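# Survey of secondary and tertiary structure
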Amino acid sequence: MQTNSVARDRRTQIIEAAIGQLAKHGDSGATFARIVEAGGLSSPGLISYHFADRGELLESVYLYVAELRRASNDRALAGITDPVDRLRNALRTDTEFFAARPELFAAVVEAFHGLRDSAGRLKHLGETRSEDRMLELLRAAAEPTASPAQADLRSLALIVDGAQTQFLALLHRRPELDVEAFIRTLTHVALTGVGRES
């Protein structure tokens with residue numbers, strides 16, 4: 001019988017191997033055989049032992065990367081109290097997190113598209129975790145005396161989140177894109193939208 005720690009380590013090993021294979025071969029090409037080989041596992045049975053089915057493995061990949069992303073952001077924002085600095089740092093950290101490891105973004109996209117509910121619809125479509133986090137940062141950074149012409153913050157959160165997602169998708173295929181220029185531009189858009197100058 002495996003201890004919880006050993007089982008957790010084995011699950012992580014499988015998830016990390018799956019991330020690489022999803023990024024490299026896509027959802028349909030990330031076979032259990034490829035995951036076994038990439039993860040240095042003894043057999044596909046280990047995957048079945050730790051995950052009820054392919055859907056649970058994909059869900060675990062999705063949640064694993066979300067947790068890595070959240071932890072990265074939490075570390076970057078720890079001790080920063082100024083709302084404008086928190087917004088700047090959050091935009092930078094989140095973009096750099098995925099830019100440094102494009103396989104994580106690719107794997108999340110593949111897992112996202114592979115996860116379906118019982119009616120066959122995309123399971124996580126319409127979830128607003130990253131948008132809600134951005135909305136919270138924008139609200140905190142908004143100029144208290146902003147004019148009525150100021151951007152609607154929910155819309156601004158959607159725009160910022162969508163622009164970042166699209167950039168990261170392009171970056172996976174076009175690594176020559178200027179990450180620093182994108183971060184500067186996205187930060188300028190966000191700060192202008194909340195009535196702050198960047």
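Nothing here was measured: the structure is a model prediction, and the numbers come from that model.

Criteria and cut-off values
Residues numbered from 1 in each chain as written. Predicted model: local features only at pLDDT ≥ 70, side-chain atom pairs only at ≥ 80, totals over all residues. Heavy atoms only, no water. Helix = DSSP H or I, 4+ residues; strand = E, 2+ residues; numbered from the N terminus. Buried < 20%, exposed > 50% of the residue type's maximum accessible area, 1.4 Å probe, protein only. Polar contact = N/O pair within 3.5 Å; in protein donor to acceptor, adjacent residues only side chain to side chain. Contact = heavy atoms within 4.5 Å. 1 Å grid on protein atoms, 1.4 Å probe; cavity = no way out; pocket = protein on both sides within 12 Å on 5 of 7 lines; lining within 4 Å. Points joined across faces, edges and corners; volume = space filled by probe spheres on them. Nonpolar A, V, L, I, M, F, W, Y, C, P; charged D, E, K, R; others polar.

A separate point is the side chain of threonine 93. Position of threonine 93 relative to the elements: it lies in helix H5 (residues 83-100). In this structure threonine 93 comes out as buried when scored by relative accessible area, which is 13%. In this structure the side chain of threonine 93 is engaged in a polar contact, spanning 2.8 Å, whose partner is the backbone oxygen of asparagine 89. Apart from residues lying up to four places away in sequence, threonine 93 is in contact with Ser72, Asn73 and Ala76.

Across all of its chains, the model carries one cavity of 30 Å³ or more by this definition. Its volume calculated, the largest cavity comes out at about 30 Å³. In this structure, the largest cavity is lined by Ala18, Leu22, Ala30, Ile35, Arg54, Leu57, Leu58 and Val61. Broken down by element, the residue count for the lining of the largest cavity peaks at four residues, all from helix H4 (residues 54-77). Classifying every residue of the lining of the largest cavity gives seven nonpolar, no polar and one charged.

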